[in-house]
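Architecture at a glance
Spelled out, the chains give:
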Amino acid sequence: MRVGLQHSHNHSFYFFILVVALFHSCLSDDTNSNTRLCIDDERRALLEFKHGLIDDADRLASWHSVDKDCCKWAGIVCDNVTGHILQIHLPGVDGHCHDDYDTQQQYDEISKQRLRGDLSPSLLQLKQLRHLDLSCNDFGGIQVPSFIGSIRNLRYLNLSCSEFGGTIPPQLGNLTEMRILSLGSFYSTPDDIESTSIGNMQWLSSLTWLRHLDTSGVDLSKADDWFQVINTLPYLVQLHFSTCQLLHIHPLVYSLNLTFLSVLDLSRNQFTDSFMSKWIFSVTSLVSLDLTSCGFHDHMPNSINNFRNLTSLKFLQVSGNTFMNSSLILEGLSSVGSNLILLDMSYCGVSSSTIGSLHNLTSLLNLGLSGSQITNTIPKSLGNLCNLKHLDLADSSFFNISIKAILESFFECKSPSLESLSFESASISSNLPNQLGQLMNLVDIQFGNSRIVGIIPDSIGQLYHLKSLDLDENLISGPIPYSIGALVSLEFLDLSNNQLNGSLPASLGQLSKLVDLDISNNLLQGVVTEAHFSKLTKLKYLSGIGNNLTFRPDLANWIPPFKLYNLYISSWDIGPQFPKWLLSQGDLTLLELKNTGISSTMPLSFWTSLPNLEYLDMSQNQIRGWLYDIPATLVVVDLSSNRFSGKLPNLFNNSLLMILNLSNNSFTGSLHHLLCSYGGNWLDALHLANNHLSGVVPECWAKWPNISYINLENNNLGGGIPKTMGSLSSLGSLNMCNNKLSGRLPATFKNLAKLEILQLAGNELVGKIPTWVGTHLSSLRILNLQSNNFNANIPHELCYITSIQILYLAYNRLSGDIPRCFNNFTILSEKETITNGQIEFIDVDNMNIVGSASLVTKGQEYTYSTILGFVTSLDLSSNNLSGSIPSELMVLHALQSLNLSRNQLTGKIPENIGDLKSLESFDVSLNHLYGELPVSLSRLSFLSNFNVSVNNLTGRIPSSTQLQGFGESSFFGNKLCGVPLTRQCGEVASSGHREDSDESHERDWGLIISILCGFVIGFWIVVTPSMVGRIRRAYFHFMRYISFGSITL
């Protein structure tokens, strides 16, 4: 008994001592917390670690030698007793790796929050470090340092989404105390992948205490042993292997050790095994299973009922696996379905009949059926639909069923819980039901691009919790209901690309939480006032292009309640005065006010009032004034088709400008200060056409190495073509037509291998067409050298430009034969097919730069851009070409226009000319062709322009709808007969031989007069340009209008 009491006394004593010690420790913590210092060696190690980092946002400002207590530094956690550093928390952007941004400034700010640089091995001095988080930073592709594997006490390591590269070092296998290892992109978007890889995963077997493993996005394509290794981690709870390029699912497993695994993510791995593996169904502890886009098309034999084993399953994502399109599979799932909270069977090919096999999903809150075949309502037997919160039917096909019928079970609920509903890009062709207003808890409606017809019901105003309403790209008509102003929670409203009409309801101004409003491309009209924006204090994005609206604030000095980021209201009438309220929008980054009727002067304060502007399109107005400087922040500037004057603006040396379009204004002076003062690596497109620029084109093009589009046409630029233009290796389109350029084509142009469009017409260039045009510029699709002074033969090397579509060499001094090798042109001969009508060079935000060409036909000028890629033409007119028309040209079946007029061609028109089945315009007038018109001409069913006048053609005009529809001028100056001519074939004159002879003499005199007139006109065309360049161009313009079928780019 005494022994027992003695033991009890000893225990009480020790307990007392322990309590006193703990009390003292707590007291010490409270009294000394402000004086405790971290260990000096560890503080120095942190400073050395900081030294290797690049910290643009100064996040580590507290890490400095003055503050001795590193335990108070940002991101550092120390042991309260020993002072050892236990944790380093340095995730970028507060761990939100993929924060949204709306402006370049926001992106730059987010980027600054990401640490860069190198990781110093000084971390090895932190012997007690257990937690290291460097996620969401940007280490520029450096390899994960192998020394991390020597920080032996680490239990938590997170390097995800930090832009590491190379192979993950196997030394991480030394971290035997590791519990959580994140090397992938678990928190990123599905499209993001890491730049890292793991070849052999055996080192992971050493991490026996591992609970959480994430290598999402890491390349594991060479890790054939991945499952065997994972199966050695008995305490693993979460496994994230999404987007790892895994190839094998390892269907045959004899022993499974993953008894604690509750989260398994194998999504977005295109396994070579087409069937679902049985071992997955043996992990009975699974709570969440994600097999999205794994491509499983079948299930293993005897595995139909295997879902029955997953009694704990709450989250099942099997999108993109057609093995789920089985009534038996869904029956098995239903047996454990009462626990399911989320079920995503999108793009599994399931139909209404298959969905009918699902039942008893009483806990289901989220149902994904995108890409399904729906012919019936969602069955009530599926579960308690009144509790369902999210229903996704996007991309589904609906057959003879309306939205009302599909949602019938939900409309019958007294209090439906549905919060999000998506029919996005579904083929439904249905009205919006008036009962939609009964779904009172709806927060998100996604009905875009679903062929919805009819009107927006007034009941929409009953959805007081609605935050997002997307009805874009449908066939909705009628007015926007006034009740829409009752959606007090609405943040996003997209009604664009419909057929909505009437005026804009003033009730829109009551949507005080609205952030994004898009009403573009409808039939709206009427006046918009400040009442429409009265309470839109949170509005950031406004788009209303493609309507007939007039904005007239009642107050002249109105200041909007909002601060916009993006404003698109092109084609609104907001002029004639420059809108002063615009100057209050200092947060604007994108501004599009094209064709808005502004005709006053741009205020000098415009640029300083909008310091964040990156995209500006105010083209097609009549804005006046001078431009002095283009701010460096701007990426796109389009001020074309205005009335700006004076010198060209200056650019800053740090300019981000990619597209500059100042065409169709009245700028004067030289290009020198714009091009030569500064250079830039960003400029892609320079469009200065149709101004009054003069002087020589300067030799400064080497300063703009990435430029791909240059248009300087219709100015007064002179001198030679700069040799430095040949350094522009990215150049795809060059247009310098209708200037006063002289000299020869610089040989440096042979370096422009990417050039697709070269237009130099209407200048004073001389010499032979260089052979390198064909041998080195083989990517050309449009070559326009007309109206110059090129001489000698057409080089046969042009035949190497196999992709040519438009070839203009008219109005030069070319001689010799037409090359027979033109049959090498693959597009014109239909050996190569064109699929895109646009010849596109740049696409930045909403601005895309495409090739364009002006075509003059029968006195009408047309400019082609969106369908330029489909235009085909060959014009060799007004030269001194001789010989016959090559029969090889007749294989150019895609040719739409052929002009060989005003040459010295002889011989017959090829008999198989009817093979040019696409021909719309044919002109061989003013040559010396003889013989009869080929009968095959009657097969040219698309002809709308035809001219064979002033030749020596004889015989009957072939019969066809097209040929008989042309006037006599198309056949004048020949000895042809038949309709449409008044002279009938076989007609015998009654006046005898003498009268015939007299008539013959009369026709000869007519021909002589025609020749003399041609000589006089030719004199003015050829001789006068050398004396007066401007008069020359005026005569060319005149001649193009009087000529039949001539075409000008």
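Residues numbered from 1 in each chain as written. Predicted model: local features only at pLDDT ≥ 70, side-chain atom pairs only at ≥ 80, totals over all residues. Heavy atoms only, no water.

Comments concerning the overall build of the chain
Along the backbone of the chain there are 13 helices and 67 strands. Across the 1049 residues that make up the chain, the buried fraction comes to 52%. When contacts within the chain are restricted to residue pairs at least 6 apart in sequence, those whose partners lie at least 24 apart make up 60%. Counting every atom, the chain has about 44300 Å² of accessible surface; 52% of that belongs to carbon and sulfur. (Helix = DSSP H or I, 4+ residues; strand = E, 2+ residues; numbered from the N terminus. Buried < 20%, exposed > 50% of the residue type's maximum accessible area, 1.4 Å probe, protein only. Contact = heavy atoms within 4.5 Å. Areas by Shrake-Rupley, 256 points an atom, 1.4 Å probe, with all protein chains shown as cover.)

Thoughts on the pattern of salt bridges
This model, assessed by the stated rule, comprises 14 salt bridges. In this structure, the salt-bridge partner of glutamate 419 is lysine 389, at a minimum N-O distance of 4.0 Å. On the criterion of sequence distance, the pair formed by glutamate 419 in the loop between helix H8 (408-411) and strand S22 (420-422) and lysine 389 in the loop between strand S19 (373-374) and strand S20 (390-392) is long-range, its members being 30 residues apart. Given a relative accessible area of 27%, glutamate 419 falls into the partly exposed group. Salt bridges linked by common partners bring Arg155, Glu177 and Arg179 together as one network. (Salt bridge = Lys/Arg side-chain N within 4 Å of Asp/Glu carboxyl O.)

Quick notes on the state of the cysteines
Applying the stated criterion to the full structure yields six disulfides. Across a sulfur-sulfur distance of 2.2 Å, cysteine 71 and cysteine 78 are joined as a disulfide pair. Looking down the S-S bond of the cysteine 71 and cysteine 78 bridge, the torsion is -100 degrees, so its handedness is left-handed. On the basis of relative accessibility, which here comes to 17%, the residue cysteine 71 falls in the buried class. For cysteine 799, the disulfide goes to cysteine 821, at an S-S distance of 1.8 Å. Looking down the S-S bond of the cysteine 799 and cysteine 821 bridge, the torsion is 65 degrees, so its handedness is right-handed. Of this pair, cysteine 799 sits in the loop between strand S52 (789-793) and strand S53 (806-808) while cysteine 821 is found in the loop between strand S54 (813-816) and strand S55 (840-844), placing the two residues 22 residues apart along the sequence. Take cysteine 799 and cysteine 821: they sit in the same class, and that class is buried. (Disulfide = S-S within 2.5 Å.)

Things to note about the side chain of asparagine 269
Position of asparagine 269 among the secondary structure elements: in the loop between strand S12 (263-265) and strand S13 (275-276). What makes asparagine 269 buried here is its relative accessible area of 0%. Polar side-chain contacts of asparagine 269 include one of 3.0 Å to the backbone nitrogen of leucine 246. In contact with asparagine 269, other than residues within four places in its own chain, are Phe241, Ser242, Thr243, Cys244, Gln245, Leu246, Ser293 and Cys294. (Polar contact = N/O pair within 3.5 Å; in protein donor to acceptor, adjacent residues only side chain to side chain.)

Here's the deal with the environment of leucine 90
With respect to the helices and strands, leucine 90 occurs in the loop between strand S3 (85-89) and helix H3 (104-112). Note on leucine 90: relative accessible area 3%, which makes it buried. Separated by 43 residues in sequence, leucine 90 and aspartate 133 place their C-alpha atoms 5.7 Å apart. Among all residues touching leucine 90, those that are not within four sequence positions of it are Phe49, Arg59, Leu60, Trp63, Ala74, Leu115, Asp133, Leu134, Ser135 and Asn137.

Observations concerning the pairing of strand S44 (residues 692-696)
Judged from the two bridges that link them, strand S42 (residues 666-669) and S44 form a sheet pairing that is parallel. Within the sheet, the bridge partner assigned to glycine 669 lies in S44 and is leucine 693. (Pairing = 2+ DSSP bridges.)

A look at the confidence of the model for the chain
When pLDDT is averaged across the chain, the result is 87; 86% of the residues are at 70 or more. Long-range and interchain partners of residues 988-1049, a stretch whose pLDDT sits below 50, account for 75 contacts in this model, where long-range means more than four residues apart. (pLDDT = per-residue confidence, 0-100.)

Brief notes about a nonpolar patch on the surface
Taken together, the side chains of Trp209, Tyr235 and Phe260 present a nonpolar region at the surface, about 300 Å² in accessible area. By the secondary structure assignment, tryptophan 209 is in the loop between strand S9 (195-197) and strand S10 (212-214). (Patch = residues over 30% accessible without salt bridge, like charges linked within 9 Å, V, L, I, M, F, W, Y side chains within 5 Å.)

Some details on the packing of aromatic side chains
Each aromatic ring pair is characterised by the separation of its centres together with the angle its planes make. Overall, the coordinates contain 27 aromatic pairs when judged by the stated rule. The interplanar angle of 75 degrees and the centroid separation of 5.1 Å between the aromatic rings of phenylalanine 606 and tryptophan 607 together place this pair among those described as edge-to-face. Here the aromatic cluster, defined as three or more aromatic residues joined through ring pairs, consists of Phe533, Phe551, Trp558, Phe562 and Trp581. Positioned over the ring face of tyrosine 565 is lysine 540, at 4.9 Å from the centre of the ring. (Phe/Tyr/Trp six-rings, centres within 6.5 Å; stacked < 30°, edge-to-face > 60°. Lys NZ or Arg CZ within 6 Å of the ring centre and 35° of its normal.)

Brief notes about the sheet that holds strand S28 (residues 499-502)
Either a parallel or an antiparallel arrangement is found when strands of a sheet pair, and the pairing is made through backbone hydrogen bonds. Sheet architecture is open: five strands sit in the order S24-S26-S28-S30-S32, paired in parallel fashion. Each of the sheet's edge strands pairs with one partner strand only, and the pair in question is strand S24 (453-454) and strand S32 (548-551). Bridge count between S24 and strand S26 (residues 475-478): two bridges; the pairing is parallel. Note on S26: the bridge partner recorded for glycine 454 is isoleucine 476.

What to know about helix H2 (residues 40-51)
A rise of 1.5 Å per residue sets the reference length of H2, with its 12 residues, at 16 Å; its end C-alpha atoms lie 17 Å apart and thus fit the reference within 8%. Those residues of H2 lying buried are Glu42, Arg43, Ala45, Leu46 and Phe49. What you see down the axis of H2 is that its buried residues fit within an arc of 160 degrees, all on one side. Each element contacted by the buried residues of H2 is listed here: strand S1 (53-54), strand S2 (76-78) and S3. (Expected span 1.5 Å × (residues − 1). Arc of directions from axis to C-beta.)

Re unusual backbone geometry
A cis amide bond links glycine 575 to the next residue, proline 576, at an omega of 5 degrees. Of note, the bond from valine 979 into proline 980 is cis; its omega dihedral lies within 30 degrees of zero at 15 degrees. Position of proline 980 relative to the elements: it lies in the loop between strand S67 (975-977) and helix H12 (992-1022). Of note in the backbone geometry, asparagine 400 takes a positive phi value of approximately 55 degrees without being a glycine. A residue is classified by how much of its surface remains accessible, and asparagine 400, at 84% relative accessible area, is exposed. Phi at asparagine 690 takes a positive value of approximately 60 degrees, unusual for a residue other than glycine. Structurally, the position occupied by asparagine 690 is in the loop between strand S43 (685-687) and S44. Look at asparagine 690 and you get partly exposed, because its relative accessible area is 27%.

Focus on the nonpolar core
Within the largest apolar cluster, 264 residues are counted, with the highest numbers of intra-cluster contacts made by Phe241, Phe423, Leu591, Phe606 and Met618. Among the elements that make up this core, the one with the highest residue count is helix H4 (residues 226-230) (four residues). Setting aside anything within four residues of it in sequence, one finds phenylalanine 241 in contact with Met201, Leu213, Thr215, Ser216, Leu220, Trp226, Ile230, Leu246, Asp265, Leu266, Ser267 and Asn269. Of all hydrophobic cores here, the second largest spans 10 residues; its members include Tyr568, Tyr615, Ile659 and Tyr709. (Core = buried A, V, L, I, M, F, W, Y, C linked by side-chain atoms within 4.5 Å.)

A closer look at the environment of glutamine 904
Tracing the chain through its elements places glutamine 904 in strand S62 (residues 904-907). Residues glutamine 904 and serine 815 lie 89 residues apart in sequence; the distance between their C-alpha atoms is 9.0 Å. Those residues in contact with glutamine 904 that lie beyond four places of it in its chain are Leu881, Ser882, Gly883, Asn927 and His928. A distance of 2.8 Å separates polar atoms of two side chains, one belonging to glutamine 904 and the other to histidine 928.

So, the environment of serine 396
Mapping serine 396 onto the fold places it in the loop between S20 and strand S21 (397-398). On a C-alpha basis, the gap between serine 396 and isoleucine 374 in space is 7.0 Å, while along the polypeptide they are 22 residues apart. Contact partners of serine 396, with chain neighbours within four places excluded, come to Leu369, Ser370, Gly371, Ser372, Ile374, Ala426 and Ser427.

Here we look at the pairing of strand S50 (residues 764-768)
Bridge count between strand S48 (residues 740-743) and S50: two bridges; the pairing is parallel. Each bridged residue has a counterpart across the sheet, and for glycine 743 the counterpart in S50 is leucine 765. Pairing analysis gives three bridges linking S50 to S52, with the strands arranged parallel. Directly across from glycine 767, in S52, lies its bridge partner phenylalanine 790.

Considering the side chain of glutamate 713
Mapped onto the fold, glutamate 713 is located in the loop between strand S45 (709-711) and strand S46 (716-720). What makes glutamate 713 buried here is its relative accessible area of 14%. Dropping the residues within four chain positions of it, glutamate 713 is found in contact with Ala689, Asn690, Asn735, Met736, Cys737 and Asn739.

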